[in-house]
Amino acid sequence: MSKKAGNDSIQKTLLVTVVLSLVCSVLVSAAAVILKPKQEENIVLDVQRNILNISGLTRNAKALSNIEVADMYKQIKPRLVNVETGKFVDASAEDIMAYNQRAASKQPKESKTLPAVEDIASIKRQANIAKVYVVEKNGKLETIILPVHGYGLWSTMYGFMALQSDLNTVKGFGFYSQAETPGLGGEVDNPLWKAKWPGKKIYDAKGVVEASLVKGGADPKSLYKVDALSGATLTSNGVSNLIKFWMGDNGFKPFLNNLKAGDA
């Protein structure tokens, strides 16, 4: 009887619990370390799939294998751009590949704090360097893909805006990371909504950003307007604001102007 009581003692129960917790912690940590490279690879491939879709190189990248995605992505050339000067940064292929604009925006030495009056996209900090993606054909620019992000209702939405060679006509637009309300703001990921963007213009004849979402339905013949997301006013406003910011003077407009002038 006393022996059984000893086996069921509080001390022994606690010891077993602690040992099991330690073993589980080791296993979880080991799994995290082992799986991390694969997880990072999948994140990169997911971004590449989105870039391929938005660039118009394929409308069905999700159906491609990882090997096919990596092979098709060779058509796209990433470049670094100084947002303030609007010019390409001279960098090695390794440095370009390693650069993480999202992480840089959180580092004081690699970004700047935006004054409230300028921060219409509600991003708070803007990275000094942006990673853009170039598609060329026969040595000439065919598509430029620009990273954009801004706050919606619940989340910061990260995506890409692809422009044709005239640097004004939308070739594709969409988000690869967002946490808006499913069925409402989450419809920014709906293929039917994204299909409304190709052919729209960003700037009017005076160079003013006119592209935006319109509540109540946009005229299908409009050069600049797209339907707002039904029941998602704040998300829709967020999309319009991030387009206005990133295509404006504090975003990629200086870079696009330099590209047009051959001075990037």
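**Structural notes on the overall build of the protein**
Next, step 1: Assigned secondary structure in the protein consists of 8 helices and 10 strands.
Next, step 2: In terms of overall size, the protein is more extended than a compact globule, its C-alpha atoms giving a radius of gyration of 24 Å where 264 residues would be expected to give roughly 18 Å.
Next, step 3: Along the longest, intermediate and shortest principal axes, the C-alpha atoms of the protein span 95 × 45 × 40 Å.
Next, step 4: Here the protein holds 264 residues, and 39% of them are scored as buried.
Next, step 5: A separation of at least 24 residues holds for 52% of the contacts in the protein among residues at least 6 apart in sequence.
Next, step 6: As displayed, the protein has an accessible area near 15,100 Å², and 58% of this comes from carbon and sulfur atoms.
Next, step 7: The positive charge centre, built from 33 side chains, and the negative charge centre, built from 25, are 3 Å apart in the protein.

**Notes on the environment of Leu52**
Next, step 1: Following the sequence through the fold, Leu52 ends up in helix α2 (residues 10-55).
Next, step 2: Using a relative accessible area of 0% as the deciding quantity, one classes Leu52 as buried.
Next, step 3: With 23 residues separating them along the chain, Leu52 and Gln75 place their C-alpha atoms 9.3 Å apart.

**Quick look at the sheet that holds strand β2 (residues 87-88)**
Next, step 1: Pairing is antiparallel in the open sheet, where 6 strands are placed in the order β2-β1-β5-β6-β7-β8. The sheet terminates laterally at β2 and β8 (170-177), the two strands that pair on one side only.
Next, step 2: Of the pairings in the sheet, the one linking strand β7 (residues 156-164) to β8 comprises 6 bridges and is antiparallel in character. Residue pairing across strands places Ala162 opposite Gly172, the latter belonging to β8.
Next, step 3: Each of β6 (140-151), β7 and β8 touches helix α7 (residues 233-246); the most contacted strand, β6, lies at about 130 degrees to it.
Next, step 4: Across the face of the sheet, helix α8 (residues 253-261) comes into contact with β1 (76-82), β2, β5 (129-137), β6 and β7 while running at roughly 175 degrees to β6.

**Focus: the packing of aromatic side chains**
Next, step 1: Tallied over the entire structure, the rule returns 10 aromatic pairs.
Next, step 2: Each ring, one from Phe88 and one from Phe255, has its centre 5.3 Å from the other, and the planes form 80 degrees; the classification is edge-to-face. Within this pair, whereas Phe88 is found in strand β2, its partner Phe255 is found in helix α8, the two being separated by 167 residues in sequence.
Next, step 3: Relative accessible area serves as the criterion here: at 1%, Phe255 is assigned to the buried category.
Next, step 4: With a centroid separation of 6.4 Å and 55 degrees between ring planes, the pair formed by Phe173 and Trp193 is classed as tilted. Of the two residues, Phe173 is situated in strand β8 and Trp193 in helix α6 (residues 191-194); the sequence distance between them amounts to 20 residues. An identical accessibility class is assigned to Phe173 and Trp193; each is buried.

**Re the confidence of the model for the protein**
Next, step 1: The pLDDT averaged across the protein works out to 89; a share of 91% of its residues lies at or above 70.
Next, step 2: Summarising per-element confidence for the protein, the mean pLDDT is lowest in helix α1 (residues 2-7) (52) and highest in strand β4 (residues 125-127) (98).

**Quick word on the nonpolar core**
Next, step 1: Phe173, Ile243 and Met247 are the most contacted members of the largest nonpolar core, which has 38 residues in total.
Next, step 2: The element contributing the most residues to this core is α7, with 5 residues.
Next, step 3: Among all residues touching Met247, those that are not within four sequence positions of it are Leu146, Val148, Met161, Ile202, Tyr203, Val209, Phe252 and Lys253.
Next, step 4: The next biggest cluster of nonpolar side chains, apart from the first, holds 14 residues, and it includes Ile54, Tyr133, Val135 and Phe160.

**Quick word on the pairing of β1**
Along a regular strand, successive side chains alternate from one face of the sheet to the other.
Next, step 1: Across 7 bridges, the pairing between β1 and β5 is antiparallel. If you follow Leu80 over to β5, its bridge partner there is Lys131.
Next, step 2: Bridge analysis of β1 against β2 gives 2 bridges, and the strand direction is antiparallel. Bridged to Asn82 within β2 is Lys87.
Next, step 3: Between β1 and β2, which pair antiparallel and follow one another directly, the connecting turn spans 4 residues, one of which, Gly86, has a positive phi of 70 degrees.

**Describing α8**
Next, step 1: Within the sequence span of α8, burial applies to Lys253, Phe255, Leu256 and Asn258.
Next, step 2: Lining the buried residues of α8 we find β1, β2, β5, β6, β7 and α7.
Next, step 3: Positive phi shows up at Gly262, right after α8, with a value of about 70 degrees.

**Describing α7**
Next, step 1: Here α7 spans 20 Å end to end across 14 residues, near enough to the 20 Å set by a 1.5 Å rise per residue.
Next, step 2: All of the buried residues along α7 are Thr235, Ser236, Gly238, Val239, Ser240, Leu242, Ile243, Phe245 and Trp246.

The rules we used
- Residues numbered from 1 in each chain as written.
- Predicted model: local features only at pLDDT ≥ 70, side-chain atom pairs only at ≥ 80, totals over all residues.
- Heavy atoms only, no water.
- Helix = DSSP H or I, 4+ residues; strand = E, 2+ residues; numbered from the N terminus.
- Rg over C-alpha atoms; globule rule 2.2 N^0.38 Å.
- Buried < 20%, exposed > 50% of the residue type's maximum accessible area, 1.4 Å probe, protein only.
- Contact = heavy atoms within 4.5 Å.
- Areas by Shrake-Rupley, 256 points an atom, 1.4 Å probe, with all protein chains shown as cover.
- Lys, Arg positive; Asp, Glu negative; His and termini not counted.
- Charge placed at Lys NZ, Arg CZ, Asp CG, Glu CD.
- Pairing = 2+ DSSP bridges.
- Axes fitted to C-alpha atoms, helices over the stretch in contact; angles between N-to-C directions.
- Phe/Tyr/Trp six-rings, centres within 6.5 Å; stacked < 30°, edge-to-face > 60°.
- pLDDT = per-residue confidence, 0-100.
- Core = buried A, V, L, I, M, F, W, Y, C linked by side-chain atoms within 4.5 Å.
- Expected span 1.5 Å × (residues − 1).

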